[in-house]
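Given next are the chains, with one letter for each unit.
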Amino acid sequence: MDSFLIKGGVPLHGEVNISGSKNAALPIMAATLLTDEPCVIRRVPDLSDTRFMVKILESLGAQVKFENGTLTVRAKKIKGYADYELVRKMRGSICIAGPLLARLQKARISLPGGCIIGARPINLHLKGFEALGVKIKIEGGYIDATVKKLIGSSMFLGGRAGPTVLGTANVMMAATLADGITVIESAACEPEVVDLANFLNAMGAQISGAGSPTVTIVGVEKLHGVEHEVIPDRIETATFMVAAGATDGEVTIKGGRAEHLRAVIDKLSEAGVAVERRGADMVVRRKGKLKPVDIATLPYSGFPTDAQAQMMALLVLAPGISIITERIFESRFMHVSELARLGAEIEIEGPSAIVKGGKPLSGAPVMASDLRASAALVIAGLSAKGSTQVNRIYHLDRGYERMDLKLKKLGARIQRVQEK
Ligand code: EPZ
């Protein structure tokens, strides 16, 4: 397994180009199953998660070409079940269920596993499908979903932690070809859901209200092929903004969208890291001393849970007490014990992490555990004195396109070490 070897203490300087959004690309790739015509999707990030989704589409019978960030998919003839092992390994693949139900009136997919950040149930996905008339059977680790004809209806998709992003995406995709009108209450408002709705409307769907808690889908007969460019990755953008602040550098972010990051920019500014708009670019650098801040992760447009770990890697440097409360997932503090190896002082009290910041970090070997925790460890290694080896970097490769090369271009001393 690869790892990153980082020699910290170098302020990052220069420009970084933001890749397309992983969390927009995955449901949009699934949506290509809704038509037998070719779809062309640009700015698809080259990640292990997107390459996984390519394998899943191919295992369903679609023809897929993926080169230089452009994906061409033609799902001319497809089957209703995906390879058990493939689906089980990547949670995001649950969003093929909606398109398969709309196209074939059946879907047989493995129950997506939970992961280290939480149980990741899919009860709300299934609630939405059942509201559209789908019969669900769960047996032997598989979900067997069948329906004579999808019938539009109204439903409330809010759960224990508010809306569900992929649940909204799944039901929205199924409803595009249902008979009649579907209204999703407590829909997720994330920009990735809006990007998917734009993709579906370009295919001929009739969706309104995407980005608001109430989404209305008027079913149509058929959807056609389309060309689309994926929105920039707001979490990659947040990650590089935090890295600029943590290393006391100055980084120009190119190709990001400030309007997707208002909560992150607000908290960074409170913590003493300024994000200045220069045309379409954003220039990030510290403004005075770092200050402690309190953060609670919330559904969009609140502070994103996917930027929580990275923010913690900044706040361990801010003298004083910061309180970070994780309201979306049950156990998204796996980075805490690894940050402690670098000298961070953090105590966990239930859903909150109490960060006693201000002590400089010193490098040590650390273990990545999930995608965003690994980003936090890289940021901490960049600001720590001495060397930090971040092991199991495959977690990071799931969601960041060539992060080591992008950081090297910003002056970081970082090497990818291939394990023999
Ligand atoms: C998406 O996951 C993202 N993944 C996650 O990003 C992100 O953290 C999450 O949304 C929240 O913003 C992709 O888009 C591929 P949810 P998703 O359903 O849709 C509970 C990353 O790092 N819930 O919005 O699976 C669930 O347990 C990843 O890029 C139910 O209770 O998340 C959680 O507490 C990590 N029942 C909350 O809702 C359900 O049926 C939000 O989950 C579904 C979810």
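Predicted model, so just to flag it, every value in this text is computed and none were measured.

**Here we look at the overall build of the protein chain**
Right, so step 1: Assigned secondary structure in the protein chain consists of 14 helices and 23 strands.
Right, so step 2: Across its three principal axes, the protein chain shows a C-alpha extent of roughly 60 × 45 × 40 Å.
Right, so step 3: Relative to its 420 residues, the protein chain shows a buried fraction of 58%.
Right, so step 4: Surface accessibility of the protein chain: about 16,100 Å² in total, with carbon and sulfur atoms responsible for 53%.
Right, so step 5: Put simply, the protein chain has 53 plus and 43 minus side-chain charges, and the middle of one group is 2 Å from the middle of the other.

**Observations regarding the domain arrangement of the protein chain**
Right, so step 1: Assigned domains of the protein chain: these are domain 1 (2-19 + 232-418) and domain 2 (22-229).
Right, so step 2: Taken over C-alpha atoms, the centre of domain 1 sits 30 Å from the centre of domain 2.
Right, so step 3: Taken together, the 26 residues of domain 1 in the interface contact 21 residues of domain 2.
Right, so step 4: Regarding the contact of domain 1 and domain 2, the summed buried area is about 2,000 Å², with carbon and sulfur atoms giving 51% of it.
Right, so step 5: Taken as a group, Tyr300, Glu330 and Arg398 account for 27% of the area that domain 1 buries against domain 2, more than any other trio of residues on that side.
Right, so step 6: Summed over the shared surface of domain 1 and domain 2, the number is three salt bridges.
Right, so step 7: With a shortest N-O distance of 4.0 Å, Glu330 and Arg160 are connected by a salt bridge.
Right, so step 8: Residue classes in the side of domain 1 that touches domain 2 are distributed as nine nonpolar, six polar and eleven charged.

**With respect to the sheet that holds strand S23 (residues 413-417)**
Right, so step 1: The strand order across the open sheet formed by four strands is S21-S22-S1-S23, and the pairing between neighbours is mixed. Strands with a single pairing partner mark the edges of an open sheet, and in this sheet they are strand S21 (365-367) and S23. With direction set aside, neighbouring strand axes in the sheet form an average angle of 20°.
Right, so step 2: Pairing of strand S1 (residues 3-7) with S23 involves five bridges; the strand directions are antiparallel. Looking at S23, one finds that Lys7 is bridged to Arg413.

**Digging into the side chain of Thr168**
Right, so step 1: With respect to the helices and strands, Thr168 occurs in helix H6 (residues 165-175).
Right, so step 2: In terms of polar contacts, Thr168 uses its side chain to reach the backbone amide nitrogen of Ala188, at 3.0 Å.
Right, so step 3: Not counting residues within four places of it along the chain, the set of residues in contact with Thr168 comprises Leu157, Ile184, Ala187, Ala188 and Val193.

**Some thoughts on the site of the ligand**
Right, so step 1: Taken together, 22 residues form the shell around the ligand, and within it Asn123, Arg160, Thr164, Asp306 and Ile328 come nearest.
Right, so step 2: At a separation of 2.7 Å, a nitrogen atom of the ligand approaches a polar side-chain atom of Asn123.
Right, so step 3: Contacts to the ligand include Asp306, whose side-chain N or O atom sits 2.6 Å from an oxygen atom.
Right, so step 4: Considering the ligand on its own, with 830 Å² of exposed area, one finds that the protein chains cover 93% of that surface.
Right, so step 5: Per element, the largest residue contribution to the shell around the ligand is three residues, and it comes from helix H5 (residues 123-131).
Right, so step 6: A breakdown of the residues in the shell around the ligand according to their chemical character gives ten nonpolar, five polar and seven charged.

**A look at the packing of aromatic side chains**
Aromatic ring pairs: the centre-centre distance and the angle between the two ring planes describe each pair.
Right, so step 1: Counted according to the given criterion, the structure contains zero aromatic pairs.
Right, so step 2: The lysine or arginine in question, Lys79, covers the ring of Tyr81, its NZ or CZ lying 5.4 Å from the ring centre.

**Quick notes on the sheet that holds strand S5 (residues 70-74)**
Right, so step 1: Taking strand neighbours across the sheet as the criterion, the four strands line up as S4-S5-S3-S13 in an open arrangement whose pairing is mixed. Looking at strand neighbours, the two that pair on one side only are strand S4 (63-67) and strand S13 (227-229), the edges of this open sheet. Taken over all neighbouring pairs, the strand axes of this sheet differ in orientation by 15° on average, direction set aside.
Right, so step 2: Packed on one face of the sheet, helix H2 (residues 48-59) meets S4 and S5 and runs near 160° to S4.

**So, the nonpolar core**
Right, so step 1: Grouped together as the largest cluster of nonpolar side chains are 76 residues, with contacts concentrated most on Ile96, Met172 and Leu200.
Right, so step 2: With near-sequence residues (within four places) excluded, Ile96 lies in contact with Ala30, Leu33, Met53, Ile56, Leu60, Ala82, Val87, Ile109 and Asn170.
Right, so step 3: Membership of the second largest hydrophobic core comes to 71 residues, among which are Leu314, Leu315, Ala353 and Ile414.

**Overview of the side chain of His395**
Right, so step 1: Position of His395 among the secondary structure elements: in helix H13 (residues 394-397).
Right, so step 2: The exposure class of His395 is buried, given its relative accessible area of 12%.
Right, so step 3: Among the polar contacts made by the side chain of His395, one reaches the side chain of Tyr394 at a distance of 3.4 Å.
Right, so step 4: If sequence neighbours within four positions are ignored, His395 has contacts with Ala368, Ser369, Asp370, Leu371 and Ser374.

**As for the environment of Ile323**
Right, so step 1: For Ile323, the location among the structural elements is in strand S18 (residues 320-325).
Right, so step 2: Ile323 sits 31 residues away from Pro292 along the chain, and the two C-alpha atoms are 8.4 Å apart.
Right, so step 3: Those residues in contact with Ile323 that lie beyond four places of it in its chain are Val293, Asp294, Ile295, Ser352, Ala353 and Ile354.

Calculation notes
Residues numbered from 1 in each chain as written. Predicted model: local features only at pLDDT ≥ 70, side-chain atom pairs only at ≥ 80, totals over all residues. Heavy atoms only, no water. Helix = DSSP H or I, 4+ residues; strand = E, 2+ residues; numbered from the N terminus. Buried < 20%, exposed > 50% of the residue type's maximum accessible area, 1.4 Å probe, protein only. Areas by Shrake-Rupley, 256 points an atom, 1.4 Å probe, with all protein chains shown as cover. Lys, Arg positive; Asp, Glu negative; His and termini not counted. Charge placed at Lys NZ, Arg CZ, Asp CG, Glu CD. Domains from an automatic or database assignment. Contact = heavy atoms within 4.5 Å. Buried area = accessible area lost by both parts, 1.4 Å probe. Salt bridge = Lys/Arg side-chain N within 4 Å of Asp/Glu carboxyl O. Nonpolar A, V, L, I, M, F, W, Y, C, P; charged D, E, K, R; others polar. Pairing = 2+ DSSP bridges. Axes fitted to C-alpha atoms, helices over the stretch in contact; angles between N-to-C directions. Polar contact = N/O pair within 3.5 Å; in protein donor to acceptor, adjacent residues only side chain to side chain. Near = heavy atom within 4 Å. Phe/Tyr/Trp six-rings, centres within 6.5 Å; stacked < 30°, edge-to-face > 60°. Lys NZ or Arg CZ within 6 Å of the ring centre and 35° of its normal. Core = buried A, V, L, I, M, F, W, Y, C linked by side-chain atoms within 4.5 Å.

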